[in-house]
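# What the coordinates show
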Amino acid sequence: MHVIDFIVFIVFTLGVVIFGCSFFKKGSSADEFTSAGHSIPGWVVGMSIFATYVSSISYIGYPGKAFAADWNAFVFSLSIPIASYFAAKYFVPFYRHGGSVSAYTFLEEKFGAWARLYASACYLLTQIARMGSILYLLAVPMFILMGWDMHMVIILTSIGIIIYSMMGGLKAVIWADAIQGIILIGGAVLCLAILMFSMPEGPMQTFELAANSPMGNKFSLGEFTTDLTTSTFWVCLIYGIFINLQNYGIDQNYVQRYHAAKTDKDAKFSALFGGYLFIPVSALFFLIGSALYSYYQAGVAELPTEIQAKPDYVFPYFIVNVLPVGLRGLLIASIFAAGMSTVSTSVTSAATIILTDYVRPFFLRAKHQKLELAIVRFSSFAVGILGAIVAIAMLSVESIIDAWWTLSSIFSGGMLGLFLLGCIRQRISRLAAFLGCVAGVGVIAWISLADMWQLPGVPLHSYLAIVLGTSTIFVVGFLLSLLLFRKSKNCQ
């Protein structure tokens, strides 16, 4: 890498760490660390929500998916407006007036401590898997760019993120997210422009070659059939609706940001702004993947066979070998911006959950500000290390999008089903809710692990594990509750 690229990358990365650390404040409390003092403008919180969505999974995985296949995964983005609407109308007021920064206090009030512990444990597992996926994708471009050892990149990046997350808390994370979000959009737009205007017959050749690919139309959103065993349009849409409702409704990353906004109006705006902004930007990343296919198909440059076999490596390879000096460093920095913002968010929110859902209820009977602040900072460190370990374990995966979507379906555990049970007016028995969760987790495990362990399967795509699991928890919990209350009345 040219020295100018290296300088751009290092200045940006160190700048983010130093900027985050600048929010360090002596005498800060654990509540200020986890809720940013309820002082952040709505547009900044919205950019933070957006930047959390646009991780390096999007920056590298989406172009890789579009390069190798089509735009089927973009259908996930099309489901976001539904979740954003419900967030602004229902979820934001619900959490803002609930009092607790934890997303899972509500579940304990409805069903007991087990529900809170179950949901928070699922959340922690999901975030650690997400951090691992993103840290892995941060290491890919540096390996291609300079041959750096991916283990070393993962470890050093984790250390930088952990430092500013520990020092500045949620306020540092949100403001850093906003800046990183702007940079990553600018970098992606520049890259797409270079790709399209490098085509021998002009920008429109990008669309012609991709649409008439021998493998089929690469702009296809998937088959519109009712087949639930493959990744059709409807499978991705249903998966997206459930995942995004879960994100906006019960994901600590989002709930914490609702609390960080100055006012209720700011919080509602942030939910809509962050979600809607992701749609055109994710389309931008898929278009980059299609443009990469057309670029190499037109013979503008050669793509080594070993890179072509690893779709997640194609975009970083293009950045390294085609982009001019300076811009190359900016693009690598923007990929890091995408990943660092999401990982820092996961670190801070996971540390918050450890404090609010595990330490305070069981180990601290009275508030002790200094001790709580030390605990949440140590938890940030521990969660960051676990994320790095998962990233190293992921070095052998073929498609990070597939790996992440599978892991998120398994670890999320159908939390949305339990949350929906708590929201309905019908009184739900705690025992019925517990049995519903057991049934739902069993269904998720069955669908997700059937192929791996060669178990008798079900005619469903693995993406639908969370859909069926959520539905099972809700339906079983609701029906058993009706049955239990009916028996109780008969015995009186």
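This section reports on the structure supplied with the text. Only a predicted model underlies this, so the values are computations on that prediction, with no experimental measurement involved.

Moving on, we get to the overall build of the protein. The number of helices and strands found in the protein is 21 helices and 0 strands. Scaling as 2.2 N^0.38, a compact globule of 492 residues should have a C-alpha radius of gyration of about 23 Å, and the protein matches this with 23 Å. Across its three principal axes, the protein shows a C-alpha extent of roughly 80 × 60 × 40 Å. Across the 492 residues of the protein, 57% fall into the buried class. Contacts spanning at least 24 positions in sequence make up 85% of the contacts within the protein whose residues lie at least 6 apart. With an accessible surface of roughly 19,300 Å², the protein has 68% of that area assigned to carbon and sulfur atoms.

Our focus in this paragraph is the packing of helix H9 (residues 150–197) against helix H13 (residues 264–297). Two elements in contact, H9 and H13, have axes whose closest approach is 10 Å; the angle formed by their N-to-C orientations is 30 degrees. One finds that H9 runs roughly parallel with respect to H13. Crossing angle aside, the handedness with which H9 passes H13 is left-handed. On H13, the residues that touch Leu184, Ile185, Ala188, Val189, Leu192 and Leu195 of H9 are Leu277, Val281, Leu284, Phe285, Leu287, Ile288, Ala291, Leu292 and Tyr295. Among the residues making up the contact of H9 with H13, the classes are represented as 15 nonpolar, no polar and no charged.

Counting 131 residues, the largest nonpolar core has Tyr248 and Tyr258 as its most contacted members. With 17 residues, H13 is the largest single contributor of residues to this core. Leaving out residues up to four positions away in the same chain, tyrosine 258 has contacts with Ala87, Phe91, Val92, Tyr95, Arg96, Tyr248, Ala267 and Ala271. The next biggest cluster of nonpolar side chains, apart from the first, holds 9 residues, and it includes Leu355, Leu364, Leu373 and Ile375.

To continue, consider helix H11 (residues 233–250). Helix length check: H11, at 18 residues, gives a terminal C-alpha distance of 25 Å against a target of 26 Å (1.5 Å per residue), a fit within 8%. Most of H11 is tucked away: 14 of the 18 residues are buried.

Mapped onto the elements, threonine 206 comes out in helix H10 (residues 204–211). Apart from residues no more than four positions distant in its own chain, threonine 206 is found in contact with Met196, Met199, Ala291 and Ser294.

Take the pattern of salt bridges next. Applying the stated criterion across every chain, the model contains 6 salt bridges. Between arginine 116 and aspartate 357 there is a salt bridge, and its shortest N-O distance comes to 2.9 Å. Placement of the pair is arginine 116 in helix H8 (residues 113–146) and aspartate 357 in helix H16 (residues 327–363), with a sequence separation of 241 residues. Grouping residues by exposure puts arginine 116 and aspartate 357 together as buried. Look at the salt bridges and you will find they share partners, linking Glu108, Arg116 and Asp357 into a network.

Mapping valine 44 onto the fold places it in helix H3 (residues 42–53). Once residues within four sequence positions are removed from consideration, valine 44 is found in contact with Ile174, Trp175 and Ala178.

Further remarks concern the state of the cysteines. What makes a disulfide is a covalent bond joining the sulfur atoms belonging to two cysteines. A complete count under the given rule lists 0 disulfides for this structure. Just so you know, cysteine 423 is unpaired, no disulfide at all, and the nearest cysteine sulfur is the one on cysteine 437, 14 Å from it. Judged by its relative accessible area of 42%, cysteine 423 falls in the partly exposed class.

A separate point is the packing of aromatic side chains. Considering all chains together, one arrives at 29 aromatic pairs under this definition. Taking 6.4 Å as the distance between ring centres and 65 degrees as the angle between the ring planes, the aromatic pair formed by phenylalanine 67 and tyrosine 293 counts as edge-to-face. On the criterion of sequence distance, the pair formed by phenylalanine 67 in helix H4 (residues 56–68) and tyrosine 293 in helix H13 is long-range, its members being 226 residues apart. For the pair formed by phenylalanine 67 and tyrosine 293, the shared burial category is buried. Note on tyrosine 85 and phenylalanine 86: the rings are 5.7 Å apart at their centroids and 80 degrees apart in plane angle, and the pair reads as edge-to-face. Of the aromatic side chains, those joined through ring pairs into one cluster are Tyr62, Trp71, Phe74, Phe207, Phe219 and Phe286.

The rules behind these values
- Residues numbered from 1 in each chain as written.
- Predicted model: local features only at pLDDT ≥ 70, side-chain atom pairs only at ≥ 80, totals over all residues.
- Heavy atoms only, no water.
- Helix = DSSP H or I, 4+ residues; strand = E, 2+ residues; numbered from the N terminus.
- Rg over C-alpha atoms; globule rule 2.2 N^0.38 Å.
- Buried < 20%, exposed > 50% of the residue type's maximum accessible area, 1.4 Å probe, protein only.
- Contact = heavy atoms within 4.5 Å.
- Areas by Shrake-Rupley, 256 points an atom, 1.4 Å probe, with all protein chains shown as cover.
- Axes fitted to C-alpha atoms, helices over the stretch in contact; angles between N-to-C directions.
- Parallel < 35°, antiparallel > 145°, perpendicular 65-115°, else oblique.
- Left-handed = near helix turned anticlockwise from the far one by under 90°.
- Nonpolar A, V, L, I, M, F, W, Y, C, P; charged D, E, K, R; others polar.
- Core = buried A, V, L, I, M, F, W, Y, C linked by side-chain atoms within 4.5 Å.
- Expected span 1.5 Å × (residues − 1).
- Salt bridge = Lys/Arg side-chain N within 4 Å of Asp/Glu carboxyl O.
- Disulfide = S-S within 2.5 Å.
- Phe/Tyr/Trp six-rings, centres within 6.5 Å; stacked < 30°, edge-to-face > 60°.

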